[in-house]
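# Structural features, examined
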Protein chains: 2
Amino acid sequence: MYPNFIQHLKNHISLTEDDIKVLSTYVKIKSIKKKEFLLKEGQICKGNYFVETGLLRMFYINEKGTEQITQFALENWWLSDYMSLMMQAPSKFYLQTVEDSEIAVIEHQEQEELFKKLPQLERYFRIMMQRAYAASQMRVKYFHDFSKEENYRQFVSLFPKFIQRIPQYMLASYLGITPEYLSELRKKHP
Amino acid sequence: MYPNFIQHLKNHISLTEDDIKVLSTYVKIKSIKKKEFLLKEGQICKGNYFVETGLLRMFYINEKGTEQITQFALENWWLSDYMSLMMQAPSKFYLQTVEDSEIAVIEHQEQEELFKKLPQLERYFRIMMQRAYAASQMRVKYFHDFSKEENYRQFVSLFPKFIQRIPQYMLASYLGITPEYLSELRKKHP
DNA sequence: TAAAAAACTTAAGCTGGTTTAAGAAATAAT
DNA sequence: ATTATTTCTTAAACCAGCTTAAGTTTTTTA
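Residue numbers restart at each chain and count upward from 1, following the sequence in its written direction. Both sets of labels track the order of writing: A upward for chains, 1 upward for ligands. It should be noted that, the model being predicted, local features are given only for residues of pLDDT at least 70 and side-chain atom pairs only at 80 or more, the latter also being counted only at that level, while totals for whole chains, interfaces and linings use all residues. Excluded from the side-chain calculations are hydrogens and water; all other atoms, namely the structure's heavy atoms, are used.

### Some points on the overall build of chain A
Let me state the cut-off plainly: Strands are runs of DSSP state E lasting at least 2 residues, helices are runs of H or I lasting at least 4, and numbering of each runs from the N terminus. To get the radius of gyration, use the C-alpha atoms; to get the globule rule, take the number of residues to the power 0.38 and multiply by 2.2 Å. To sort residues, take the accessible area from a 1.4 Å probe on protein chains only and compare it with the maximum for the residue type: under 20% means buried, over 50% means exposed, and anything in between is partly exposed. By definition, residues are in contact when any of their heavy atoms lie within 4.5 Å. Here the open area of atoms and residues is found with the Shrake-Rupley method and a 1.4 Å probe, where only the protein chains shown may cover a residue. Think of it this way: Lys and Arg go in the positive column, Asp and Glu in the negative one, and His and the chain ends go nowhere. Throughout, a charge is located at the NZ atom of Lys, the CZ atom of Arg, the CG atom of Asp or the CD atom of Glu.
Looking only at helices and strands, chain A has 8 helices and 8 strands in total. Its C-alpha atoms give chain A a radius of gyration of 18 Å, within 12% of the compact-globule value 16 Å for 190 residues. For chain A, the C-alpha atoms occupy an extent of roughly 55 × 35 × 30 Å along the three principal directions. A buried classification covers 49% of the 190 residues belonging to chain A. Excluding contacts between residues fewer than 6 apart, the proportion of contacts in chain A whose partners are at least 24 apart in sequence is 71%. With the model as given, the accessible surface of chain A reaches about 9500 Å², and the carbon-plus-sulfur share is 52%. Across chain A, the centroid of the 26 positively charged side chains sits 3 Å from that of the 23 negatively charged ones.

This is the structure we're talking about:
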């Protein structure tokens, strides 16, 4: 059952065979084609999503009608609109696959029940949320600290394989620049 | 013992009198004068900090030698450099009181022991970290979405009391603008 | 394999926000 | 109360990154 998912849990908490059976009744895996949506603006976010294989992006549409990507999620990352999930309020975001993906889903409705049966999951998600928040704290720093050009160069040198999986305009959007300006930067520094 | 702190825990998990006694042996409260540091760049972050009363700020110093504030923490918020705390690696941030403050501290060394004695705390911190991360997701959106001027106006209208507790240059730093430009915005839109 | 659609590039003009430098006002210390 | 320090303001020159508009290349679809 979903090798990455189970291994990822086992890296942080201990699970018996029985625990895994319980998990498998609560955690559904979905195979999702490229460019399908898990969430659209205005909908209430219903699940927490783990990328078993593939790639997710989170974005919103600004006043000018252009997509602004706020996050990507690669293999072994959780992603959701946690504000919408917690408050059960309409989301301002879209969640969409960038590639054909296998996504493990914990439905919000069933989460409390699952956590009661497997209380270790509270610890697991405490660690996941702390890790995500820590990454976010660092990202705020880089965002403020570096110019767009420096940000671009850093991203390319840190994630050379990742940038080959996404179109340029998505990288531009994530970096908060126009595709035109990214094109200029690439010419200047190939 | 620290009314805000205990009440805050009780809002999310149940605690017996005995639990509270255990807590009081692990959670120290510190009275800290304005402008003292809980963490400086280069140090390894040693604790998770809860603001009982007062105000904390987190900032770093950029290449130009100017302070860039990344976060504030008011009453009933937790704050730490979670990357430094998790990895026990040198921090790139400073944590400093903005006002005289009472801060409840969970030392990193003792955290695992405390969590073993009070496993409900895993749930409590899972919720706290999820909440912080959710706020951070929204902040990334606002940061991208609004111009500096719109960001300033929104901040003022959302937190009118808060801005009276901090000097203008700290607001400018948090918003990612120069004090000169903030001054211009204030003149334009008092 | 041809046509349509999506993604990327080029270049000129423009703007939101910075820099620099000086002075004014408020707060803290003696 | 006076001085020193910190905070805030003003204004002009400047620049990183955007906009607009057109053209080119790559990918997808029929």
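After that view, the rundown keeps rolling.
### A short note on the protein's contact with DNA strand D
Quick reminder of the rule: For this description, a residue counts as near a given molecule or strand if any of its non-hydrogen atoms is within 4 Å of it. Polar contact is the term for a pair of N or O atoms within 3.5 Å; when the atoms are in protein, one must be able to donate a hydrogen and the other to accept it, and sequence-neighboring residues count only if both atoms are side-chain atoms.
Taken together, 15 residues lie near DNA strand D, and K148 and Y181 of chain A together with Q168, Y169 and S183 of chain B sit nearest. Considering DNA strand D, the proportion of its atoms within 4 Å of the protein that are sugar or phosphate atoms stands at 78%. The contact in question runs from a phosphate oxygen of DNA strand D to an N or O atom on the backbone of Y169 of chain B, over 2.8 Å. Going through the elements one at a time, α8 (179-188) of chain A together with α7 (168-175) and α8 (179-188) of chain B are the ones with two or more residues in the surface near DNA strand D. With 4 residues, α8 of chain B is the single largest residue contributor to the surface near DNA strand D.

### A few points about the sheet that holds strand β6 (residues 78-79) of chain A
Residue and element names in this part refer to chain A. Our working definition: Here the rule is simple: two strands pair whenever DSSP picks up at least two bridges between them. Here, axes are lines fitted to C-alpha atoms. For helices the fit covers the stretch in contact, and angles between N-to-C directions go from 0 to 180 degrees.
What the 4 strands build is an open sheet, ordered β1-β8-β3-β6; its pairing is antiparallel. Whereas interior strands pair on both sides, the edge strands pair on one side only; in this sheet they are β1 (27-32) and β6. The strands that helix α2 (residues 17-26) touches are β1 and β8 (101-107); relative to β1, the one it contacts most, it runs at about 50 degrees.

### Things to note about helix α6 (residues 148-158) of chain A
Residue and element names in this part refer to chain A. We count it as follows: For this quantity, the arc is that covered by the directions from the helix axis to the C-beta atoms.
By the burial criterion, the buried members of α6 are E149, N151, Y152 and F155. An end-on view of α6 places all buried positions within 160 degrees of arc, on one side of the element. Pointing more than 90 degrees away from the buried face of α6 are the exposed residues S157 and L158. Considering only its buried residues, α6 is in contact with α5 (120-145), α7 (168-175) and α8.

### Section: the nonpolar core
Note on soluble globular proteins: their nonpolar side chains tend to be buried together. Quick reminder of the rule: The term nonpolar core refers to a set of buried residues drawn from Ala, Val, Leu, Ile, Met, Phe, Trp, Tyr and Cys, joined through side-chain atoms within 4.5 Å.
Counting 88 residues, the largest nonpolar core has F5, L23 and L121 of chain A together with F5 and L23 of chain B as its most contacted members. In this view, L23 of chain A contacts M1, F5, I6, L9, L15, L114, L118 and L121 of chain A; residues no more than four positions away in its chain are not counted.

### Examining the environment of Y152 of chain A
Residue and element names in this part refer to chain A. Here Y152 is to be found in helix α6. What makes Y152 buried here is its relative accessible area of 6%. Apart from the residues within four sequence positions on either side, Y152 is in contact with L171, L175, L182, L185, R186 and H189.

### As for the side chain of S84 of chain A
All names here are of chain A. Inspection of the secondary structure puts S84 in helix α3 (residues 82-87). Its relative accessible area of 3% is what places S84 among the buried residues. Residues contacting S84, with those up to four places away along its chain left out, are Q43, I44, C45, A89, P90 and S91.

### Observations concerning empty space enclosed by the protein
The test is simple: Definitions used for this entry: grid spacing 1 Å over protein atoms alone; cavity, a set of points where a 1.4 Å probe fits but cannot get out; pocket, an open set with protein on both sides within 12 Å along at least 5 of 7 lines; lining residue, one with an atom within 4 Å of a point. Grid points are joined across faces, edges and corners, and a volume is the space filled by probe spheres set on the points. Any residue outside Ala, Val, Leu, Ile, Met, Phe, Trp, Tyr, Cys, Pro, Asp, Glu, Lys and Arg is labelled polar, Gly included; the first ten of those are nonpolar and the last four are charged.
Per the counting criterion, the structure on display carries 3 cavities of 30 Å³ or more. Each pocket or cavity is described by its volume, and for the largest cavity that value is around 120 Å³. Lining the largest cavity we find R139, V140, F143 and H144 of chain A together with S136, R139, V140, F143 and H144 of chain B. Counting residues per element, the ones that place at least two in the lining of the largest cavity are α5 of chain A together with α5 (120-145) of chain B. At 5 residues, α5 of chain B tops the list of elements feeding residues into the lining of the largest cavity. Among the residues making up the lining of the largest cavity, the classes are represented as 4 nonpolar, 3 polar and 2 charged.

### Regarding the UniProt feature "domain: Cyclic nucleotide-binding" (unreviewed entry) in chain A
Counted only if it meets this: UniProt positions are given in the numbering used here, feature names are shortened, and annotations may be inferred rather than shown by experiment.
UniProt annotation of "domain: Cyclic nucleotide-binding" (unreviewed entry) refers to residues 30-116 of chain A when read in the numbering used here. Across residues 30-116 of chain A, helical content stands at 17% and strand content at 45%; the span's end C-alpha atoms are separated by 24 Å.

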